[in-house]
Amino acid sequence: MRITAIYDSVESIASPIQNAYIDFSKMTCSVVAIVTDVIQDGLPIVGYGFNSNGRYAASGLLKERFIPRLMAADPDSLLDGSGLLDPHRAWQVMMTNEKPGGHGERSVAVGVLDMALWDALAKIEEKPLYQLLAARAGRLPDERVWVYAAGGYYYPGKDYSALQDEFRSYLDLGYIVCKMKIGGADLAEDCKRIEAALAVVGEGNLCVDANGRFDLDTTLAYAEAMRQYDLFWYEEAGDPLDYGIQTALAEAYDRPIATGENLFSHQDARNLLRYGGMRADRDYLQFDCALSYGLVEYYRTLAVLHEEGWSARRVVPHGGHQMSLHIAAGLGLGGNESYPGVFQPFGGFSDELQIAESQVNLPSSAGLGLEKKANYHAMLQHAFGKQIRVR
Ligand code: MG
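The shown structure was predicted, so the numbers you read here are calculated from the model rather than taken from an experiment. Think of each chain on its own: its residues are numbered from 1, step by step along the sequence as written. Given that the model is predicted, a residue must reach a pLDDT of at least 70 before its local features are reported, and side-chain atom pairs must reach 80 or more before they are shown or counted; all residues, however, enter totals for whole chains, interfaces and linings. Side-chain figures throughout are based on the complete set of non-hydrogen atoms in the structure, without hydrogens or water.

Undergrad: In this structure, what is going on with the side chain of Asn51? I would like to understand it.
TA: Locating Asn51 in the fold gives a position in the loop between strand E3 (43-50) and helix H1 (59-72). Polar contact criterion, stated in full: a pair of N or O atoms within 3.5 Å, where within protein one must be able to donate a hydrogen and the other to accept it, and residues adjacent in sequence count only if both atoms are side-chain atoms. In this structure the side chain of Asn51 is engaged in a polar contact, spanning 2.7 Å, whose partner is the backbone nitrogen of Ser30. In what follows, residue pairs with any heavy atoms lying within 4.5 Å of each other are defined as contacts. Among all residues touching Asn51, those that are not within four sequence positions of it are Thr28, Cys29, Ser30, Tyr56, Ala57, Val108, Val112 and Ala290. By definition, any uninterrupted DSSP run of H or I lasting at least four residues is a helix, any uninterrupted run of E lasting at least two residues is a strand, and each is numbered from the N terminus.

Undergrad: Would you mind going over the domain arrangement of the protein with me for this structure?
TA: When the parts of a complex come together, some accessible area is lost, and that lost area is often used as the size of the interface. By the assigned domains, the protein splits into domain 1 (3-126 + 375-384) and domain 2 (136-370). Each domain span listed reflects an automatic or database assignment of domains. On a C-alpha basis, the centroid separation for the pair domain 1 and domain 2 is 24 Å. At the junction of the two partners, domain 1 supplies 43 residues and domain 2 supplies 44 residues. Carbon and sulfur atoms supply 66% of the area that domain 1 and domain 2 bury against each other, a total of about 3,700 Å² over both sides. By definition, the buried area sums, over both parts, the 1.4 Å-probe accessible area that each loses when the two are put together. The largest share of the area that domain 1 buries against domain 2 comes from Ala20, Asn53 and His103, three residues that together contribute 16% of it. The salt bridge definition used is simple: a Lys or Arg side-chain nitrogen within 4 Å of an Asp or Glu carboxyl oxygen. Viewed at the interface, domain 2 and domain 1 are joined by zero salt bridges. Listing elements by their share of the side of domain 1 that touches domain 2, those giving two or more residues are strand E1 (3-12), strand E2 (28-40), E3, helix H2 (87-94), helix H3 (106-124) and helix H12 (374-384). The element best represented in the side of domain 1 that touches domain 2 is H3, accounting for twelve residues. The residue inventory of the side of domain 1 that touches domain 2, partitioned by class, reads 22 nonpolar, 13 polar and eight charged. Residue polarity is assigned by list, with Asp, Glu, Lys and Arg as charged and Ala, Val, Leu, Ile, Met, Phe, Trp, Tyr, Cys and Pro as nonpolar; anything else, Gly included, falls into the polar class.

Undergrad: Where do I start with the state of the cysteines in this structure?
TA: Formally, a disulfide is one covalent bond, and it connects the sulfur atom of one cysteine to the sulfur atom of another. Cysteine sulfur pairs qualify as disulfides if the two atoms are within 2.5 Å. Inspection of the entire model under this criterion finds zero disulfides. Between Cys29, a free cysteine, and Cys289, which holds the nearest cysteine sulfur, the sulfur-to-sulfur gap is 13 Å.

Undergrad: Explanation requested: the coordination of the magnesium ion in the structure shown.
TA: Octahedral metals with six donors have ideal donor angles of 90 or 180 degrees. Tetrahedral metals with four donors have an ideal donor angle of 109.5 degrees. Donor selection uses N, O and S atoms within 2.8 Å of the metal (3.2 Å for Na, K and Ca). Since no water is included, sites may look incomplete. Surrounding the magnesium ion are the protein donor atoms Asp209 (OD), Glu235 (OE) and Glu261 (OE), at 2.0 to 2.2 Å. In terms of primary sequence, the donors binding the magnesium ion are separated according to D-x25-E-x25-E. In this pair, Glu235 sits in strand E7 (residues 233-235) while Glu261 sits in the loop between strand E8 (257-259) and helix H9 (266-275), placing the two residues 26 residues apart along the sequence.

Undergrad: Which parts of the structure should I look at to understand the pattern of salt bridges?
TA: Two side chains that carry opposite charge are able to pair once their charged atoms sit near each other. Applying the stated criterion across every chain yields a total of 23 salt bridges. Ionic pairing is found between Lys158 and Glu166, a salt bridge with its closest N-O pair at 2.6 Å. Think of it in three bands: residues with accessible area under 20% of the maximum for their type are buried, residues over 50% are exposed, and the middle band is partly exposed, with areas taken using a 1.4 Å probe on protein chains only. The class of Lys158 is buried, set by a relative accessible area of 19%. By relative accessible area, which is 15% here, Glu166 ends up buried. The network of salt bridges with shared partners includes Lys179, Lys181, Asp209, Glu235 and Glu337.

Undergrad: Can you walk me through H2 in this structure?
TA: Note that an α-helix has 3.6 residues per turn; residues three or four places apart therefore point the same way. Taken as a whole, H2 has its buried residues at Pro87, Ala90, Trp91, Val93 and Met94. The buried side chains of H2 occupy one side of the element, clustering within an arc of 160° when seen end-on. The directions considered for the arc run from the helix axis to the C-beta atoms.

Undergrad: Got a minute to help me understand the sheet that holds E3 in this structure?
TA: Remark on secondary structure: sheet strands pair via backbone hydrogen bonds, oriented parallel or antiparallel. Taken in spatial order, the three strands make up an open sheet running E1-E2-E3, and their pairing is antiparallel. What marks the edges here is a single partner per strand, and that holds for E1 and E3. Within this sheet the neighbouring strands show an average axis-to-axis angle of 25°, counted without direction. If DSSP finds at least two bridges between two strands, the strands pair. Note: E2 against E3, seven bridges, orientation antiparallel. By the bridge assignment for E3, Gln40 is matched with Leu43. Angles here are taken between N-to-C directions and fall from 0 to 180 degrees, while the axes themselves are lines fitted to C-alpha atoms, restricted in helices to the stretch in contact. Running over the sheet, H1 touches E1 and E2 and is turned about 170° from E1. Packed onto the sheet, H12 meets E1, E2 and E3 and runs at close to 110° relative to E1.

Undergrad: Would you explain helix H8 (residues 243-252) in this entry?
TA: Among the residues making up H8, those that are buried are Tyr243, Ile245, Gln246, Leu249 and Ala250. Down the axis of H8, the sector holding all buried residues measures 155°, keeping them to one side. Buried residues in H8 make contact with helix H7 (216-226), E7, E8 and H9. Where H8 begins, the side chain of Asp242 points an oxygen toward the backbone nitrogen of Gly244, at a separation of 3.1 Å.

Undergrad: Help me out: how do you make sense of the packing of H2 against helix H10 (residues 294-307) in this one?
TA: Two packed helices can be described by the angle between their axes and the distance between those axes. Their axes nearest at 8 Å, the elements H2 and H10 cross at an angle of 100°. What the angle tells us is that H2 and H10 run roughly perpendicular. Residues Pro87, His88, Trp91 and Gln92 of H2 form the contact with H10, whose own contacting residues are Val296, Glu297, Tyr299 and Arg300. For the contact of H2 with H10, the class distribution of residues is four nonpolar, two polar and two charged. Here is the rule for angles: anything less than 35 degrees is roughly parallel, anything more than 145 is roughly antiparallel, 65 through 115 is roughly perpendicular, and the remaining ranges are oblique.

Shown next, in the form of structure tokens:
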């Protein structure tokens, strides 16, 4: 088998929401389609991938380096011993002539293609990806995955009652734990917002996320003020690469903290665990494969966790996308973020899935099941309808 074509497109994921650091008014997303010569029901199998929200489309990197390398490779060099597409070998081909370190956003470009390769492989194997991953890992897959509703963004004119209405809508959808942004207002105002949210979701069910906005003093001032609330976690207080702030926070705040969505390699993950003060008995790690070189690299990250004495159950990936959902169920992670109604059509799960008591079931279709989400299917049609027939 071989790859016959790779198409990429830049799609909008823009919205009026803001966190403490950025607004999403110009946010874009790379989408790719990897076409294979494997024919099923009269059509070639196509794998689809996209990058997670929060990083812009990586189209230059895709077009100039990573897609040409895959297309120029000897087709046999991309296959495993049984003649199947091998994302691990494809990863080596993509990363040829790339120096180590300084990961930048090439990790986004590689992650987009990696997702499409796994989608194609699972379709060829005629299995949902999570089942394929579990079988390869020699374990039974989880049939349900814990999810929490991420929202609580700042946007113009949003008052406490709008925040409460938003969270009520998440509870109505079947979520228990919800997440809101902090750091886009001052501490006193954020405490009022937190109290308004807690009045709806209940103590113990609220995460807060500062998106790396705070310096050391602000990190600790929020920790001190939020000690009165029973928060589920306090996320990304300081700069993602400032392990000193993270360590100081862990020393000052005994409730759970979470970070990792802006660390894009297993080496960065290892530094966080070695030098960031994170506690394996209560804290959460949020590495997002779609931003960090894909699942091939995620296996290395999970190996680092194991070496450093962490359970994969402490990992709850950022991004709210279906790739992380399959990884969570297939490899036994602790859960997955979810963005009900936000970052469409990339956020959220197949239309067939149901959320109950903050748990989601898994898709039954082969691959990732992206095409089973109506608005995602429409986006694929818009992006690639001229080149391929989207099933
Ligand atoms: Mg976050």
